[in-house]
Structure formats: C-alpha cells, structure tokens
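These are the residues of each chain, in order.
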Amino acid sequence: MTPPLDDAALPSRLPRPKEELEALKRAWKPTSGLGLLKEVNNNIIGVMYIGTALLFFVISGTLALVMRTQLAVPENDVLGHSLYNQFFTVHGTGMMFLFAVPIVEAIGVFLLPSMLAARDLPFPRLSAFAFWAYLFGGLAFFCSLIFEVAPDGGWFMYPPLTSMKFSPGINADFWLLGIGFIEISAIAGAIEIIVGILRTRPPGMTLDKIPVYCWSMLVMAGMIVFAFPAVIIATALLEIERAFDWPFFIAERGGDPLLWQHLFWFFGHPEVYIIFLPAAGLVSMMVPALAQRPLVGHDWVVVALVGTGFFSFGLWVHHMFATGIPPLSLSFFSAASMAVSVPAGIQVFAWIATLGKGRLQWTVATWFLLGFLFIFVAGGLTGVMVAVIPFDWQAHDSYFVVAHLHYVLIGGMVFPVFAGLYHWWPTMKGTMLSERLGRWAFWMMFIGFNVAFFPMHVSGLMGMPRRVYTYPGDLGWNVLNMVSTVGAFVMAFGVLLVLIDMARDAFGRGRPAPENPWKAGTLEWIPNDDYATRSIPHVRSLYPLWDNPNLSREVQEGAHYLPGAPTRRRETIVTSPIEARPQYLMPMPGPHWSHFLAGLFTAAHFICLAVQLYWVSLVPGVLAIASVFWWVWGLDKGADHPPQDVGGGWRVPVYLQGSENHSWWGTAVLLLVDGTAFACLCFTYVFLWTVSPDVWPTGTDALPGLGWLFGEAALWIVAAGAMLLASRAVAHNRSWTMRGALLVGLLLMLAAAAAEPYNHIGSGLVASESAYGAIVYMLASWQVFHVVILVLMTGFTLARSFAGRLHARRRVTFDNVMLVWLYTCGQGVVSLLLVHLFPRLAV
C-alpha cells in the first residue's frame, strides 16, 4: 500500500491493455460548437483565457495610441478633456486589471497542469467560472466607453475626486463595481493555482524539484490572497459612501481620503510584483532551455521570488511619499523600496550567468528575453531613483514616473509574455510561429518602446505633469511628445505583426513543430493530448527530460502512473503537499452549463448594480446563486469506486475527507482571503480613529452596555459549539441531531448578527453622521453578509442530508461548511471586541 516513493517499479515493462487509451480519450473528449461554453478542460479554457487577455491588451493599447495622438502636438483637440480622462482611466485600468493579471493567470491555467504532468488543475469549473466572469465583466467595462459612462478618475480612483460630490453619475460606479467583481475572478484563479501546485504535483516532485515557474505562480497566487482583499474592501467602502452617504473618505465627517491610498496601494504595489513574478518565472524556464543548461543559482532564485513577495507588502507607502506622512515612515519605506532591488538583482544575475555559460539558441524568444533584460534593468534603476525621497518629491506626478512605470511593467512583463508566446506556442497546437515575422516584431517593439518612453524621462524632468490632456506650446515639450507618439505607433506595428503571425497559424499556415523543438528539460514538453500526458511520470530531478531522454517515450507508452481512466471519467492523482506521495484519485468534473451561467448571471448582477437597477439586479443574483448550487450539487460523490491501482505499486482511494481533501484546502485558502478582508476593515476602524478621534465616543454613555458585548459573544460561541455538535453527529450518522444542531446554531448566529446593529441603533448611532458610525455599521454589515452566506450554505447542506448525500463517509461538503461557520463565529467575536472595547480603552 505504501511502497517507497523512489521505487523501481516504474517505468512498467508490462504491455498496456488496448482499450485503455481509448477509455482515456473517451473520458477527456472535448465538446464542440456551443458545447465549448460548458467546457472546463484547462487546455481549452487556458487558450480562451489568453486570447481574451490579448484582446483586452489590444483595446487598451489602442486607447493609448489615441491618447498619444492627442499629446503629439500642443493644444490638440482630438480628444476633449472629459473623454481624455475616460480614455486614460480605461487604458490604465484595462492594462492593469484586465490584461496584466489575467494573462499571467491564464498562462498558468494553460501551462501549470502540463508542467506538473497533472490531468488538469483541481477545480476546473472554478477556472472556467473565473474566465467567463472575467470575459463578461471586461466586455461590459470597455462598453462603458461607447455609452460615455466610462470611469474618469484615473486607474487609482483617488477620492475625493471620485466621491459623489465631485463625480456624480455612474462613471465611478462602473469602476468600483466592475473592478471589485473582476478581482473576485482573480482570487478564484489564485485559489485554483495554490491548491493545484501544492496537491496535484506528480509523484516524486518534492518541493526542491518544483519548476521555478511553479514557485513564481505559487508566490504570485499567495500575494493575490493577501493583496486583493484590500482593493475589494476599498472599492466596497467607496461605493457604499457614494450610495448611502457613509463618510469613510469625507474629511468633514471624520473620514480621510488617505485611507483610500493606504488600502489601494497595499494592493497596488504588490500588484506590480504579482505581474512581474510570473513573468520572471517564465524567464527562468526559458533561459535554461535556450541555453541548454540548468539555471544557475536555482535555489537562490526561488529564495529571491519568495523574498520579493515578502518585501512587496512593505512598499505601499512608496507611492505616498508626497502625501505628508511622518518622516520615520518615509525612511522605513524608502529603505524597503531600495531593498526589494536585491532579490530582483539575484534573478537578473542568475539569468545572465546561465545565458553566458550555455550554448545559446538564437530564437525569437531569445531576442525578447534580451530586450526584457535591457528594459527591465533600466526600469529598475529608475525605480531606485524614485525610492529616494527628495528625488520622488521632484519627480512625483511627472512624466518621469510614467516612463518608469512603463519600463518596469512592459519590460518586466510584456516582453517575457511575448517571448513565452513564441516559446510555448508549439505546446498549444503542435505548430510554430514564424521566426522571421517574430524577429521583425521584436525589433519594432523594442525600438518603438524605447523611442516612446525614454523621452518621457526627459519631459518629466522638464516639468511635464502626467494626467494632462494637452499642454501649451512654449514649454519645450513639443519635440519630445512627437517623438514619443511616433515610437508608440512603431511599437504598435510590432504588436500587430505578432497578431498577424498568430492569425496565420490559426488559419493553418503555421509550420509543424518537432517534438520538444527547443530541447527543453521540463515536463510540459512531453507530447500531450486533451487528457494531458498519457501517463504521469515519476519525477526525480528538476529537468527530468534531460536526465532521462527516454522519458517522453515511456510516458506515451503508458509506463508511468495513471495510464488510463480506471473509473471511466476524468481524474488525476492528488499527492501530499511536501513529499508528493500519491494520496487519492480525484474524480474531476466534466463539461457543464452551470459555471458558464454562474459567470453570466454574476456579471449581469454587478452590471445592474452599476447602472443603479438595484431591484432588477436581484433576478440575476438569484439565478447566479442557483447556478452555483447546480454546479456543486453533484461534486461530492463520496467513495463511489473501490481503491484503484495507479501504477508503481500504489493502490489509492478515490475519495478522502477532512484536511486531506483538495476542496478543504480550497476553502482554507478562501478563508485566508476573507480574513485579510476583515483585517482591512479592522485597519480602517483604527486608522479613522487615529485621524479623527473627535468623532469617536469620549464616554461610555454613547456606547451600548457591556451586556450587549457579553450576550452577543455568547451567541457566537454557542453557535460554534452547535456546529461542533453537528460534526460529531455526522461522524456517528445521527442525521436528525446534526440537522437540529445546524438549525439551532443558525438561529443563534442570526440573533447575534441582528443584535449588533440593533443595539447601535438603540444607542442613537447614525452611519451617515460620522466615520465612526460608518465603520461600526460596516463591521456589523460584514458579519450579516457572512451569516446570509451561511444561511445559503446550511440550507444546501441540509438538502444534501435529506437527499441521502451526507453521512459519516461522505462529508466533504459538511467539512467545508464547518470551516466557514467556525471562522464566521470567530470573526464575530473579534469584531465585537474591537467595536465595544476599543472606545472604552482609548478614552
């Protein structure tokens, strides 16, 4: 049952049954036509995801070209002031939220399973839902330009400029609701990536044998978990302020616009590294393949990735040097901003050393990588310059910062992504893009980029401010702006050549690719099909194809793990998170309409909210919830098959419960997101108190009595106890006890959630009067929101119980609900302590 992992049983010398491969193909046969809408296979979703991200890149880039045309000459009138503001807001938002983050996740959805030799990522429907939500939300966002209701407050949406007083209408709402919704899609992708890397690695791929790209995606996804909740909370607070006049950012009533900057940049600065790290991971995979030698300093590069992720969270004030924060804070964040260049430098030197020691293949990807190194290093140097506080004070809000931003983001992400397109294209459909067109495209993009953005350093130092739609002609900026505009168009023609090259290939003009054309050493170059690799190899090194030249043939002959579909459906092996030992055979969901409908109705719900059709929004909201229930109803199947032989002497179960189940891990990661969001609310409470303690109660008379605190805390604690009792009842198959405990616990939670706003209303607190009232009711609302979610989840759990789908040996659904339940109870107690005790201790 548990042979040593480094066993000699593989590769198997036994011939495989003839029908085995047919069964595998049948299980993974893709749908066609309209059936593509319900497909979940990562090979299909990943390609559609990448294609959509590139479409949004082209749209956002086109907006930039129009803006550059407007700025080419002084006092131009191609765009008016208002329309220019909408263009630059949609351009920045589109590039940051609808291209940069989605495409690195999309590439991960496509590449990670093949790099891990998994059949698919562990939550295929979640990936598909994330894609459809992203597609519908993104299209709606860009369509706002057509109707001239696009947001116009900049991609950073600073209040008070974006408050209801200065931005009436629905323009800002499109950004706040649209981006908040799309970030949910990004978080769904991050959960998929984290659990996928930790639980679906091939047997033998211990942590020290994980490809660098997987490490970069793991760090990136972890950063999304801790960074993105901040912007979701920020957008929720601003939207609530606009809709209900709760003053979180209105200084006259105790709010503070700087609160937005803290929350936004706590997300915004890690966002830069969320974009860069996956691109760096791609580079760390391409460089060894193109140099035909292992990556120099592999372990140090992994440490650098983790270090960059850690440092990036200490840099958000880097964007706020000019806001008047205390000098001690300035010094700390300035030092941290410079320190982050160390791990970036480690990676750059590792890549250069690998290229220098190897036998370099001069492909299109090689040229794009060299262009990336040049541009990214230049952008890093200007990054060190703006980390110096006196310089930042001079260059802040000038075109110097625009130049620095684009050198880092385009150099650090766009060039590696285009290199990756040419490098990994053969794994997509077995053909190669044109080397000739690719080289033309590279040189036009490289020259065009530098011609476009280098002059901006100069114009910025000459005093040209950013975010202006025109300028007078006598300030010495005319030539520099004309040169920048010409460079932008040259770069755009380079991008167009890449698109033409991809279109040629799509229409059958691509050259057939040889097997492993770059002679790379990692698993994604094993020939694969809709089912991924024919069998899952046993991994013994970082570059398995270099160490075992026969590995591809062995895998294709089915000589390794899981060569067929033993349960006649889609499945993959779940391994332990550290040692990658086979634990169980995970059945995977196939094509279904539910995730598509859930994405469609969720997008419709948020669009209705954005255009202020609040009651109408309930219809798609209910339909979205119903679609999700339809989606998850059939997933928890229990052990409906006996343990299966997956090869190498391993016979594993098809179902495990508790913390070994992959969905338990997914729920745990989701709660990390939830906990970070709650921490942001607690930060908001304390921050607003520090800036306006005068609106906080100065005596206990204005506060609810301590009896409310103890009473409500007791309700939460007893509710948690009811859940533990229900869990014990499930373990002993006492269904009615479990149902009763759940209902009692739910009633207790409802009472606790209702009591908190009730007692504040009774004490005379009004949310719209002060920032104190706003944040107190916001914390109460956050808890009510969780209880509403638990009402739905508990109802679902009870329905499964009555349907006979929940018992002691089939309780994954219950375990996941229990995690959310216990977390909500704990969060309720912490929220009570903050709201009721803090004012008493602070006076």
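The name given to the protein in an unreviewed UniProt entry is cytochrome-c oxidase, with Azospirillum brasilense as the source organism. The record held by UniProt for the protein lists under Pathway (unreviewed entry) the comment "Energy metabolism; oxidative phosphorylation." Per its UniProt entry, the protein bears the Sequence similarities (unreviewed entry) comment "Belongs to the heme-copper respiratory oxidase family."

Peer 1: So what about the domain arrangement of the protein? Which residues, and what values?
Peer 2: Examined at the domain level, the protein breaks down into domain 1 (43-512), domain 2 (590-634) and domain 3 (662-842). For domain 2 versus domain 3, the separation of C-alpha centres amounts to 25 Å. On the side of domain 3, six residues touch domain 2, which itself brings five residues to the contact. Of the roughly 530 Å² buried between domain 2 and domain 3 on both sides combined, carbon and sulfur atoms contribute 77%. Taken together, domain 2 and domain 3 are joined by zero salt bridges. When the residues that make up the side of domain 2 that touches domain 3 are grouped by side-chain class, the tally is four nonpolar, one polar and no charged.

Peer 1: Can you explain helix α3 (residues 81-115)? Please cite residues and give values.
Peer 2: For α3, which comprises 35 residues, the first-to-last C-alpha distance of 48 Å matches the rise-based estimate of 51 Å (1.5 Å per residue) to within 8%. The axis of α3 is deflected most strongly, by about 35°, at Gly94. With 32 of 35 residues buried, α3 lies mostly within the body of the structure. In the segment just after α3, Ala117 is the residue with positive phi, at about 55°.

Peer 1: Account for the nonpolar core, naming residues and giving values.
Peer 2: In terms of nonpolar packing, the biggest core is built from 265 residues, with Phe99, Phe248, Trp260, Trp351 and Met413 touching the most fellow members. In contact with Trp351, other than residues within four places in its own chain, are Phe276, Ala280, Val283, Ser284, Val287, Leu295, Phe372 and Leu373. Residues Leu24, Ala27, Met586 and Met588 belong to the second largest nonpolar core, which totals ten residues.

Peer 1: Could you give an account of the environment of Ala559, with specific residues and numbers?
Peer 2: When you line up the elements, Ala559 lands in the loop between α18 (551-556) and β3 (571-575). The exposure class assigned to Ala559 is buried, which follows from its relative accessible area of 5%. Note: C-alpha distance between Ala559 and Ser535 (24 residues apart in sequence) is 6.8 Å. When neighbours within four sequence positions are excluded, Ala559 is seen to be in contact with Leu10, Pro11, Ser12, Ser535 and Glu554.

Peer 1: So, the packing of aromatic side chains: which residues are in play, and what are the values?
Peer 2: Applying the stated criterion across every chain yields a total of 62 aromatic pairs. On the numbers, 5.2 Å between centres and 45° between planes, the contact of Trp362 with Trp367 is tilted. Residue Trp362 is classed as partly exposed on the basis of its relative accessible area of 46%. Judged by centre distance (4.8 Å) and plane angle (20°), the rings of Tyr543 and Trp546 are stacked. For Tyr543, a relative accessible area of 13% corresponds to the buried category. One Lys or Arg, Arg739, reaches over the ring of Trp736 and ends 4.6 Å from the middle of that ring. The ring of Phe802 has Arg739 lying over it, and the distance from NZ or CZ to the ring centre is 4.1 Å.

Peer 1: Outline the pairing of strand β5 (residues 644-647), supporting the account with residue identities and numerical values.
Peer 2: Looking at chain direction, β5 and strand β6 (residues 650-652) are connected through three bridges and run antiparallel. Looking at the pairing, Gly647 lines up with Trp650 of β6. Hairpin connection between β5 and β6: a loop of two residues separates the two successive antiparallel strands, and Gly648 in this loop has a positive phi of roughly 65°.

Peer 1: Can you explain the environment of His641? Please cite residues and give values.
Peer 2: Looking at where His641 falls in the secondary structure, it is placed in the loop between α20 (614-633) and β5. Since its relative accessible area comes to 26%, His641 is described here as partly exposed. With 102 residues separating them along the chain, His641 and Leu743 place their C-alpha atoms 33 Å apart. In contact with His641, other than residues within four places in its own chain, are Thr567, Arg569 and Val654. Of the polar contacts made by the side chain of His641, one reaches the side chain of Asp640; its length is 3.3 Å.

Each value, and the rule that gives it
- Residues numbered from 1 in each chain as written.
- Predicted model: local features only at pLDDT ≥ 70, side-chain atom pairs only at ≥ 80, totals over all residues.
- Heavy atoms only, no water.
- UniProt positions renumbered as here; feature names shortened; annotations may be inferred.
- Domains from an automatic or database assignment.
- Contact = heavy atoms within 4.5 Å.
- Buried area = accessible area lost by both parts, 1.4 Å probe.
- Salt bridge = Lys/Arg side-chain N within 4 Å of Asp/Glu carboxyl O.
- Nonpolar A, V, L, I, M, F, W, Y, C, P; charged D, E, K, R; others polar.
- Helix = DSSP H or I, 4+ residues; strand = E, 2+ residues; numbered from the N terminus.
- Expected span 1.5 Å × (residues − 1).
- Bend = angle between axes of the 7 residues up to and from the residue.
- Buried < 20%, exposed > 50% of the residue type's maximum accessible area, 1.4 Å probe, protein only.
- Core = buried A, V, L, I, M, F, W, Y, C linked by side-chain atoms within 4.5 Å.
- Phe/Tyr/Trp six-rings, centres within 6.5 Å; stacked < 30°, edge-to-face > 60°.
- Lys NZ or Arg CZ within 6 Å of the ring centre and 35° of its normal.
- Pairing = 2+ DSSP bridges.
- Polar contact = N/O pair within 3.5 Å; in protein donor to acceptor, adjacent residues only side chain to side chain.

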